Amino acid sequence: MENRKNILTGDRPTGKLHLGHYFGSLKNRVELQDKYNTYIIIADVQALTDNFENPEKVRQNIREVALDYLASGIDPEKSTIFIQSLIPEIAELTVFYSNLVTVARLQRNPTVKSEIEYKKELFGNDGESVTYGFLGYPVSQAADITAFDGAIVPVGDDQLPMIEQTREIVRKFNSIYGETLVEPEAVLSSTTRLKGLDGNAKMSKSLGNAIYLADSHEEINQKVMKAVTDPNRIKKDDPGNPDICMVYYYHKLVNQENIETICEECKAGKRGCVACKKELVESMMNFLKPIQERRRYYEERPELVEEILIKGTNKAREKAKEVIKRVRKNMKIDYFKES
Ligand code: TRP
């Protein structure tokens, strides 16, 4: 299937994956893996850019992320799941690309910029804690993508500036050294950014509003009960406005078959918020059931997960070697036949 395009996408192993990841990109990847050669990177080097003092956290989360991938339906027979730090060619490309991007351009990258603002607030300083590695992570992400001839990158919308930066690096590289690298394209899913149950525009671990794919009934119950509903609805039989209710927003995602009834009952004041939340908990558990069953299957077979990661990494490395050969040749640093 050599003429199929390649997908390259992935995540930082800094925690378990949540519904935001699922609707933002995992679901999309599961659908796309049938049509493309899919490579999925567990980006431990990138995770270390702001967790270099917590290597244990990154190490443990490699397994969690791998489990969440397999649980979500990423099929190791169709997709190549691999670990970033075990592909030295990515580090090599990062060094070569670092000449093709200015510090000013990195500082203007909207994702990097907002992360730096966040760090400034967190540490209460002017950003002097921002490391060279952190500022440069878009360059290493360009290497992640191009090392596998990634043409399609299914990601959430927060990653668009990264793909744009990759495209610029590719164009620059190709214009200097000749056609070598594939210019990637981002593919967004229909729910590009999942809102939080708290009404926040984004579900994220750092905002503390995440519903994890591995959450128990108890955990989901606690989170859903705190969800933001229509603030003008005081009494149970007040008519509600589902459009400003986070419970309704989630029903739309996991309880499609009952959505019209829910909407009408809410508007007519015939559905109490507590009952509505309880129904959401059950629908969410139902939705997560196949995911959690698959997760359990792999949790009980750690040696199988390890084998999948080793196999995937070996296969990915073969591909990266092929690309680096082309890169070295065109950069005229292929000094000896054997190297
Ligand atoms: N930056 C991505 C994130 O924070 C993870 C990532 C690393 C990635 N390398 C990638 C995504 C390459 C797509 C392609 O989630």
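Residues numbered from 1 in each chain as written. Predicted model: local features only at pLDDT ≥ 70, side-chain atom pairs only at ≥ 80, totals over all residues. Heavy atoms only, no water.

A. The arrangement of the site of the ligand in detail. The immediate surroundings of the ligand are formed by 14 residues, with Arg12, Gln46, Gln141, Asp144 and Gln159 found nearest. Arg12 is positioned such that a nitrogen or oxygen atom in its side chain is 3.2 Å from an oxygen atom of the ligand. One nitrogen or oxygen atom from the side chain of Gln159 is found 2.9 Å from a nitrogen atom belonging to the ligand. Protein chains shield 91% of the accessible area of the ligand, which is 370 Å² for the free molecule. For the shell around the ligand, the secondary-structure elements that each account for two or more residues are β1 (6-11) and α8 (137-146). Here the shell around the ligand gets four residues from one element, more than from any other, and that element is β1. (Near = heavy atom within 4 Å. Polar contact = N/O pair within 3.5 Å; in protein donor to acceptor, adjacent residues only side chain to side chain. Areas by Shrake-Rupley, 256 points an atom, 1.4 Å probe, with all protein chains shown as cover. Helix = DSSP H or I, 4+ residues; strand = E, 2+ residues; numbered from the N terminus.)

B. Representation of the pattern of salt bridges in the model. The final tally for this structure, using the stated rule, is 24 salt bridges. Of the charged contacts, one joins Arg295 and Glu64 as a salt bridge, the two residues approaching to 2.7 Å between their closest N and O atoms. Here Arg295, found in helix α13 (residues 273-299), pairs with Glu64, found in helix α3 (residues 55-72); they are 231 residues apart in sequence, far enough to count as distant. Across this residue pair, the class does not change: Arg295 and Glu64 are buried. (Salt bridge = Lys/Arg side-chain N within 4 Å of Asp/Glu carboxyl O. Buried < 20%, exposed > 50% of the residue type's maximum accessible area, 1.4 Å probe, protein only.)

C. Looking closely at the pairing of strand β3 (residues 79-83). When you tally the buried positions in β3, you get five out of five residues, the bulk of the element. Side chains Ser79, Ile81 and Ile83 of β3 all project onto a buried face; the interleaved residues Thr80 and Phe82 project onto the opposite face, where all are buried too. Where strand β2 (residues 37-42) lies against β3, five bridges are found, and the strand directions are parallel. The residue of β3 that forms the bridge with Ile41 is Phe82. (Pairing = 2+ DSSP bridges.)

D. Looking closely at the pairing of strand β4 (residues 150-154). Here β4 lies mainly inside the structure; five of its five residues are buried. Two elements, β1 and β4, share two bridges in a ladder whose sense is parallel. Bridge assignment links Asn6 to a residue of β4, and that residue is Gly150. Across three bridges, β4 lies against strand β5 (residues 185-187) in parallel orientation. Directly across from Val153, in β5, lies its bridge partner Ala186. Regarding topology, helix α9 (residues 160-177) serves as the crossover connection from β4 to the parallel β5, and that connection is right-handed. (Right-handed = clockwise from strand over helix to strand, strands pointing away.)

E. Highlighting the packing of helix α10 (residues 217-225) against α13. At a minimum axis distance of 9 Å, the contact between α10 and α13 shows a crossing angle of 140°. As the angle between them shows, α10 and α13 are arranged oblique. Considering only the axes of α10 and α13, their crossing is right-handed. On α13, the residues that touch His217, Ile220, Asn221, Val224 and Met225 of α10 are Val274, Lys277, Lys278, Leu280, Val281, Glu282, Met284, Met285 and Leu288. Across the contact of α10 with α13, the residue classes tally to nine nonpolar, two polar and three charged. (Axes fitted to C-alpha atoms, helices over the stretch in contact; angles between N-to-C directions. Parallel < 35°, antiparallel > 145°, perpendicular 65-115°, else oblique. Left-handed = near helix turned anticlockwise from the far one by under 90°. Contact = heavy atoms within 4.5 Å. Nonpolar A, V, L, I, M, F, W, Y, C, P; charged D, E, K, R; others polar.)

F. Fine view of α13. Relative to the 39 Å expected for 27 residues at 1.5 Å per residue, α13 spans 36 Å between its end C-alpha atoms, a close match to the ideal helical length. Within α13, the axis deviates most sharply at Lys289, by approximately 45°, and proline Pro290 lies no more than four positions further along. Among the residues of α13, Cys276, Lys277, Leu280, Val281, Ser283, Met284, Met285, Leu288, Ile291, Gln292, Arg295 and Tyr298 are the ones counted as buried. In this structure, the buried residues of α13 make contact with α1 (19-32), α3, α10, α11 (246-254), α12 (259-267) and α14 (302-330). (Expected span 1.5 Å × (residues − 1). Bend = angle between axes of the 7 residues up to and from the residue.)

G. Focus on the packing of α8 against α9. The geometry of α8 relative to α9 is characterised by a closest axis approach of 9 Å and an angle of 75° between their N-to-C directions. Taken together, α8 and α9 sit at an angle that is classed as roughly perpendicular. Of α9, the residues touching α8 (which contributes Tyr137, Pro138, Val139, Gln141, Ala142, Ile145 and Thr146) are Met162, Ile163, Gln165, Thr166, Ile169 and Val170. A breakdown of the residues in the contact of α8 with α9 according to their chemical character gives nine nonpolar, four polar and no charged.

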